[in-house]
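# Structural overview
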Amino acid sequence: LGWTITWMMNFMNPAIGVYHRLYDTRTSWILTDYFVVETTTVLGCIIAVLTTLVPGGRLQNLRFMYKDAKALNYSISRVWVDASEYFIQGRRSAMRLQIETTIDSLDSRSSKSLENLEGAWWETFNLGRRGRKRILLDNFRVSSMNIRDMVRVVKDCVVSEDFKSSHGQFWKGMQVQIQDLIEQVSGLMWLCLRSCRDGTVDSTEVELLKAQTASAKSKQLSLVSAFHRVAPHVSQDLSDQFTFVYALSFWARRMTDFAESITDQAAEGKLYGRRQTFVETVRKTCSLKEICDQVHRNWALRNLSSVFLCFLIGYYCEGSIFNRYNSTMASTLALLMVGETSHKVAYEKSAHRLVAVSMGKSLPFIIMSLVGAFPCGSKERTILQAAAVAAYVFVWTLTYYSSKMWSYVACLIGAFGISSVMQPCADGGTDEAFAVKYKEIGNVTIAILIQTFLHSMLSRHTPKQLLQSSFGELRRFLTCCFEAVFEGDLAAFESALVEAKGELSNAKNFAGECDPKLELYLGPEGPFNIDLCSSALSSCALLLDELTMLLVAAKDWEPKKTLLEENGGLRADGEGGDDKTVEGDDENVEECTSSEILDLLRSRPSFGIVKNHMLQRLRVALEVVPRMLFGDAETAINSEWYEELCKVSDAVEPAGLQGVELLYRELSSATSSFDIEKSHLTDDVRVRLTVAVRCLENSARHLCKIEERCIKEASLE
């Protein structure tokens, strides 16, 4: 786009105009700038692609996909091994912090894996053996990360465990079976990964997978038997242990299902399903619906207006720092477009651009002035200029890859300055050349200021307004989730949960743009309380994790459909279950098939007490937070909502939930005559009921954190 603007301006310049042949030969077109630029651009792209294929370079996304999968495998296995060892040792220790860190790192590892997955498509086009490898590794990633929400709940169990009551007796009777199951399922995960590594699953790998799957299933049966000997009833004292064992069984069953889907479909020759073709991918990329999306239209309008205005200035303005028919301003903005997801004027980024472009224009000129001390054509000048080019590229490339703060600045300095460092001998060193560079810096500065101004004028809503809207929707969907639970409506529960995750993802994106340090000036309302906002959103994320766990526990088990039925084979296009919406996906959400668990809960008299208290805490906490964030904090503190918040916090023991102890006792009595589930703990009614009630308890604890944070903030006002 930058070169197109330059050529368009040259075409409109009467002094240049349309190129005319200098020589009456058929090859005279080779002498044009157009051909040279296009040729060097294509050659540069080819060289960049070829560098990823250098032996030993390890630059291919497909190779990194396997490394990312290994890292995920190791992290997930360590979570279960360390958590079991922590529970077995029977006392609080620093190991819980290590477990917490490992679990928190899973999302970043999965996001990194997704980036390499998307890049690997261009390396394989989903064709041939390498394409099959990408498909298999993608499906392995989705299956292994299917427990993402559940391990975050396990983290809460580990952190909150106090090792009182009958904890020691439970783990004494379960220790061997839990460790054996973890060992077998971890081995199955590594075997699945090795089977996916080369893009084919041969008969030997199929037999190994079948044997390991059978071994893992036998360990699951042993775990079920040991569990019912140790904990035959619903128990509040062992609710954390029940949750841990349920999540462990869920992971084991999900991995055995995945291994069976590989072996079954490999035997039937349907392992890869119907792969998305190159034409289908292009058609989807060029979809008119996607292009005409409102977000895309706004992005195009903001960038087009700034580039077009700078083009007009370059075409018409003459004098001072402006030269007519100068494309510098417009072509520079073509390289510095505003991001599609940016909802505010990024003053910090604009400042970085000004610094980077100014240095990119001036620093090379200083370097070449030193090089100019030697005569043209001398060996000394040749060696010195070659060393300057190498050093310039090395320094800014190193900074780009190693510095988080100055990465973007280094990229721009390197990009805008390298051509000047490579300039021919006769181009620099005169006063006129210095004046040209000075004018370029002035032009670029004005162009960035114009872009900043127009972006501000064309933004319909501020990030704070968008955050307020998303927070309101999040509050509404969270309320719908809990109301659906208490009404026993699984369909409404599932739908509201998915919407709530999407709104939480949006709110987190908007919150990052509301940080006061990014503001050019603070208005009369004062700085935005980003700490309170971040704390509230983090608690809401934990609430959604608990609700996801509750939904899984409330529904009967079904094989994951994306592994078997969706495409007639394993997931082939990398579209489902990706991590672009890490907080908003529904990988752990199965089809609604049962409301037995919620019906049992609703039939208990004490469940009404739990319902009233939970809804009251939810309503008050999520009403006070937006009032303190987006309204007058002093008015919010003096409102009736804040007074009610303090009353709710004082009504019970901190993080408590009224009626929950009685609910545990009623469920234990009601389920004492139920048949014992002999195959899977994920189907056991007692375990699922305990997990569901524990999720409600944990939800109250997360709401308590919001209440405490609001009260602390109020004391500072």
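Summary of the structure given here. Since the model is a prediction, treat every value here as computed from it, not as a measurement.

Another aspect to go through is the overall build of the protein chain. The helix and strand tally for the protein chain stands at 27 helices and zero strands. Split into buried and exposed, the 717 residues of the protein chain put 49% on the buried side. Excluding contacts between residues fewer than 6 apart, the proportion of contacts in the protein chain whose partners are at least 24 apart in sequence is 84%. When the accessible surface of the protein chain is totalled, it reaches about 34200 Å², and 57% of it is carbon and sulfur.

All right, on to the layout of surface pockets then. By volume, the largest pocket amounts to about 1300 Å³. For the lining of the largest pocket, the elements supplying multiple residues, two or more each, are α1 (2-12), α2 (33-51), α13 (328-335), α16 (407-421) and α17 (431-458). For the lining of the largest pocket, the residue count by class is ten nonpolar, 16 polar and six charged.

The terminal C-alpha atoms of helix α5 (residues 128-144) lie 25 Å apart, and with 17 residues this matches the ideal 24 Å at 1.5 Å per residue to within 8%. The buried count for α5 comes to 13 of 17 residues, which makes it a mostly enclosed element.

A word on the state of the cysteines. Overall, the coordinates contain zero disulfides when judged by the stated rule. Between C157, a free cysteine, and C695, which holds the nearest cysteine sulfur, the sulfur-to-sulfur gap is 8.2 Å. With relative accessibility at 1%, the residue C157 sits in the buried group.

A cluster of basic residues, R63, K67, K70, R109, K112 and R197, forms a positive patch at the surface. When contributions to the positive patch are tallied by element, the ones reaching two or more residues are α3 (61-89) and α4 (95-124). Among the elements that line the positive patch, the one with the most residues is α3, at three residues. Counting through the fold element by element, R197 comes out in helix α7 (residues 167-197).

The next point concerns the environment of L544. As for its position among the elements, L544 is in helix α20 (residues 530-554). Residues L544 and S699, 155 residues apart in the sequence, show an inter-C-alpha distance of 8.7 Å. Once you skip the residues sitting within four places of it in the chain, L544 turns out to touch L478, L497, A500, K501 and L504.

Looking now at the packing of helix α9 (residues 239-268) against α20. Contact geometry for α9 and α20: axes closest at 12 Å, N-to-C directions at 70 degrees. When the axis of α9 is compared with that of α20, the two are roughly perpendicular. The handedness of the crossing between α9 and α20 is left-handed. For the pair α9 and α20, contact is made by T243, Y246, A247 and F250 and by M549, V552 and A553, respectively. Of the residues that constitute the contact of α9 with α20, the class distribution is six nonpolar, one polar and no charged.

Attention shifts here to the environment of R688. You can see R688 is positioned in helix α27 (residues 685-716). You can call R688 buried: its relative accessible area is 2%. Taking the C-alpha atoms as reference points, R688 and A554, separated by 134 residues in sequence, lie 6.8 Å from one another. Every residue in contact with R688, bar those within four places of it in the chain, is listed here: Y246, A553, A554, K555, D556, I597, T682 and D683.

Attention now moves to the side chain of K133. In this fold, K133 is placed in helix α5. D198 provides the closest opposite charge to the buried, unpaired K133, separated from it by 8.2 Å. Leave out the neighbours within four places in its chain, and K133 touches L62, C196, R197, D198 and G199.

With that settled, the discussion passes to the environment of S320. Mapped onto the elements, S320 comes out in the loop between α12 (294-316) and α13. Along the primary structure S320 and G442 are separated by 122 residues, whereas in three dimensions their C-alpha atoms are 10.0 Å apart.

For the rest of this paragraph, the subject is a nonpolar patch on the surface. Nonpolar side chains collect at one region of the surface, where V42, L43, I46, L50 and L53 lie side by side and expose about 450 Å² of accessible area between them. Within the secondary structure layout, V42 lies in helix α2. Look at V42 and you get partly exposed, because its relative accessible area is 45%.

In this section: helix α18 (residues 463-487). With 25 residues, α18 extends 36 Å between its outermost C-alpha atoms, agreeing within 8% with the 36 Å of an ideal straight helix rising 1.5 Å per residue. Trailing α18 by a residue or two, G488 shows a phi angle of about 75 degrees, which is positive.

Here we take up the nonpolar core. W80 and F244 are the most contacted members of the largest nonpolar core, which has 140 residues in total. It is α20 that contributes the most residues to this core, 16 residues altogether. Not counting chain neighbours up to four residues away, the residues in contact with W80 comprise I147, V151, V154, I182, F244, A247, L248 and W251.

Another point: unusual backbone geometry. Not every positive phi belongs to a glycine, and S320 is a case in point at roughly 55 degrees. Relative accessible area serves as the criterion here: at 65%, S320 is assigned to the exposed category. Of note in the backbone geometry, Y325 takes a positive phi value of approximately 65 degrees without being a glycine. Relative to the helices and strands, Y325 is located in the loop between α12 and α13.

Procedures and definitions
Residues numbered from 1 in each chain as written. Predicted model: local features only at pLDDT ≥ 70, side-chain atom pairs only at ≥ 80, totals over all residues. Heavy atoms only, no water. Helix = DSSP H or I, 4+ residues; strand = E, 2+ residues; numbered from the N terminus. Buried < 20%, exposed > 50% of the residue type's maximum accessible area, 1.4 Å probe, protein only. Contact = heavy atoms within 4.5 Å. Areas by Shrake-Rupley, 256 points an atom, 1.4 Å probe, with all protein chains shown as cover. 1 Å grid on protein atoms, 1.4 Å probe; cavity = no way out; pocket = protein on both sides within 12 Å on 5 of 7 lines; lining within 4 Å. Points joined across faces, edges and corners; volume = space filled by probe spheres on them. Nonpolar A, V, L, I, M, F, W, Y, C, P; charged D, E, K, R; others polar. Expected span 1.5 Å × (residues − 1). Disulfide = S-S within 2.5 Å. Patch = residues over 30% accessible without salt bridge, like charges linked within 9 Å, V, L, I, M, F, W, Y side chains within 5 Å. Salt bridge = Lys/Arg side-chain N within 4 Å of Asp/Glu carboxyl O. Lys, Arg positive; Asp, Glu negative; His and termini not counted. Charge placed at Lys NZ, Arg CZ, Asp CG, Glu CD. Axes fitted to C-alpha atoms, helices over the stretch in contact; angles between N-to-C directions. Parallel < 35°, antiparallel > 145°, perpendicular 65-115°, else oblique. Left-handed = near helix turned anticlockwise from the far one by under 90°. Core = buried A, V, L, I, M, F, W, Y, C linked by side-chain atoms within 4.5 Å.

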